[in-house]
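Read off the chains here:
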Amino acid sequence: ALTISQLLFNGMRSFAESDRLGHEAEAERLSLLSMSEDLALDVTDAYVRLEQANQLLLLAEQNLQEHQKIYDDTKEKVEKGLASRSDLAQITSRFSSSQSALLTTRRELFDVQTRLVSLVGKLPAITVSPIIDSKLFPDSLDKALNLAYENHPQIQSAQADIEAVKQELKSANSDFFPELTLDGEIYQNDNVGGFSGNDDGSRLMLNMRYNLFNGFRSTNSAKASGWRLREAHAIKDQALLQVAEQTRLYWNAVLLLKQQEEVLQVNVDAAVATDDGYRKLFDIGRRTLLDVLDAKIEVYVARQNYVRSNYDRVLSEYRLANALGLLMYALRIDYPAQWTGEP
């Protein structure tokens, strides 16, 4: 016997299940893109911190060299009787502090190197100062929020989950409809049922099944899908709030840190001018060694603050790109074709 059965109608369950699986696959793909954006941010953060630590190390080394020179000059003057031992004690204390600052900076550099290696497996052979394309960002916060809502893969993934649950609800409601099948059969029998001879035949039937009662299983299944749909909407709302919060936070951070950089640059220029002036006045006896040492510290601290503010601003720009869902694009990193849905 040969039997063929073709499903004609089952309450659109087959179409709903096919669409559901398609939306679930898309949600997983977008979730992968969101995870890659976050991982890229972690690596970017570690790299920017590495560049910052390198710059701070250079400042600490320069600060130590300047104090070394003052220490050597003061020690020579003390030996010749041209300076007091209290001056030597002052510069010795400051020289020790500059050595301690250098060791602290080296430790911080080692920490950020360790973090970067843990993320990517090795340190870069060559480093460059990170600069992001400012043209990526809209000219207003409102436009940035709209771009984030449209582009962020986390929000898109949440929307795909909503569409998948909608199809799941359609599939659950299909139990309330009858099932129609077209069944065909061809058979050939010999000597069956206690009768000799051939028994051949064929038939074609249109069958309908309708489950009138299954203990409220279908009703409860539809209710469960309805609650999962509400849950999916809540997850999307949470994603919208999170993306909006990050966009506002880093948008304002970039603006304020740019202003802070300008102020700190003025502070650095003023501290350097004061240091030069105090050094010249010290040479003619109009300023004390303590004044010179204090001026050196002011220059060192001012430069440190500027470097930290500069890299904080750069990092905030990359974090803003992440909030907009554009970090991988900003880093000029292409996704594999399988990730983008391309053949």
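That block above? That's the structure.
As the structure is a computational prediction, the values presented were derived from the model and not from experiment. (Residues numbered from 1 in each chain as written. Predicted model: local features only at pLDDT ≥ 70, side-chain atom pairs only at ≥ 80, totals over all residues. Heavy atoms only, no water.)

(A) Just the overall build of the protein, in detail. Of regular secondary structure, the protein possesses seven helices and three strands. Helices and strands appear in the protein in the N-to-C order β-α-α-α-α-β-β-α-α-α. Taken over C-alpha atoms, the radius of gyration comes to 36 Å for the protein, far larger than the 20 Å a tight globule of 343 residues would show. Classification of the 343 residues of the protein by burial places 34% in the buried group. Restricting to contacts in the protein with at least 6 residues of sequence separation, those with at least 24 account for 83%. (Helix = DSSP H or I, 4+ residues; strand = E, 2+ residues; numbered from the N terminus. Rg over C-alpha atoms; globule rule 2.2 N^0.38 Å. Buried < 20%, exposed > 50% of the residue type's maximum accessible area, 1.4 Å probe, protein only. Contact = heavy atoms within 4.5 Å.)

(B) Molecular detail of the pairing of strand S2 (residues 179-190). Pairing analysis gives seven bridges linking strand S1 (residues 2-9) to S2, with the strands arranged antiparallel. If you follow Thr 3 over to S2, its bridge partner there is Glu 185. As judged from the 12 bridges shared by S2 and strand S3 (residues 198-209), these two strands associate in the antiparallel manner. Within the sheet, the bridge partner assigned to Glu 179 lies in S3 and is Arg 209. (Pairing = 2+ DSSP bridges.)

(C) Representation of the sheet that holds S3 in the model. Across the sheet, three strands lie side by side as S1-S2-S3; this open sheet has antiparallel pairing. If you trace the sheet from one side to the other, it starts and ends with S1 and S3, each paired once. Averaged over all pairs of adjacent strands, the angle between strand axes in this sheet comes to 10 degrees, irrespective of strand direction. (Axes fitted to C-alpha atoms, helices over the stretch in contact; angles between N-to-C directions.)

(D) Focus on the packing of helix H3 (residues 141-151) against helix H5 (residues 217-283). The interhelical angle for the contact between H3 and H5, taken along N-to-C directions, is 145 degrees, at an axis separation of 10 Å. In terms of crossing hand, the pair formed by H3 and H5 is right-handed. Residues Leu 141, Ala 144, Leu 145, Ala 148 and Tyr 149 of H3 form the contact with H5, whose own contacting residues are Leu 240, Val 243, Ala 244, Thr 247, Arg 248 and Trp 251. Residues of the contact of H3 with H5, tallied by class, amount to nine nonpolar, one polar and one charged. (Left-handed = near helix turned anticlockwise from the far one by under 90°. Nonpolar A, V, L, I, M, F, W, Y, C, P; charged D, E, K, R; others polar.)

(E) The environment of Ile 91, seen in detail. Relative to the elements of secondary structure, Ile 91 occurs in helix H2 (residues 85-120). The exposure class assigned to Ile 91 is buried, which follows from its relative accessible area of 0%. The sequence separation of Ile 91 and Val 266 amounts to 175 residues, and the corresponding C-alpha distance is 27 Å.

(F) Layout of the packing of aromatic side chains. For the coordinates displayed, the defined rule picks out four aromatic pairs. For Arg 287, the ring lying beneath its charged end belongs to Tyr 278, and the centroid distance is 4.3 Å. The aromatic ring of Tyr 329 is capped on one face by Arg 332, whose charged end is 5.2 Å from the ring centroid. (Phe/Tyr/Trp six-rings, centres within 6.5 Å; stacked < 30°, edge-to-face > 60°. Lys NZ or Arg CZ within 6 Å of the ring centre and 35° of its normal.)

(G) Region of interest: the packing of helix H1 (residues 13-80) against H2. The N-to-C vectors of H1 and H2 enclose an angle of 160 degrees; their axes lie 8 Å apart at closest approach. Considered as vectors, H1 and H2 are oriented roughly antiparallel to each other. Relative to H2, H1 is oriented so that their crossing is left-handed. Split by residue class, the contact of H1 with H2 holds 22 nonpolar, 10 polar and 10 charged. (Parallel < 35°, antiparallel > 145°, perpendicular 65-115°, else oblique.)

Purely geometric stuff here, so don't read any function into it on its own.
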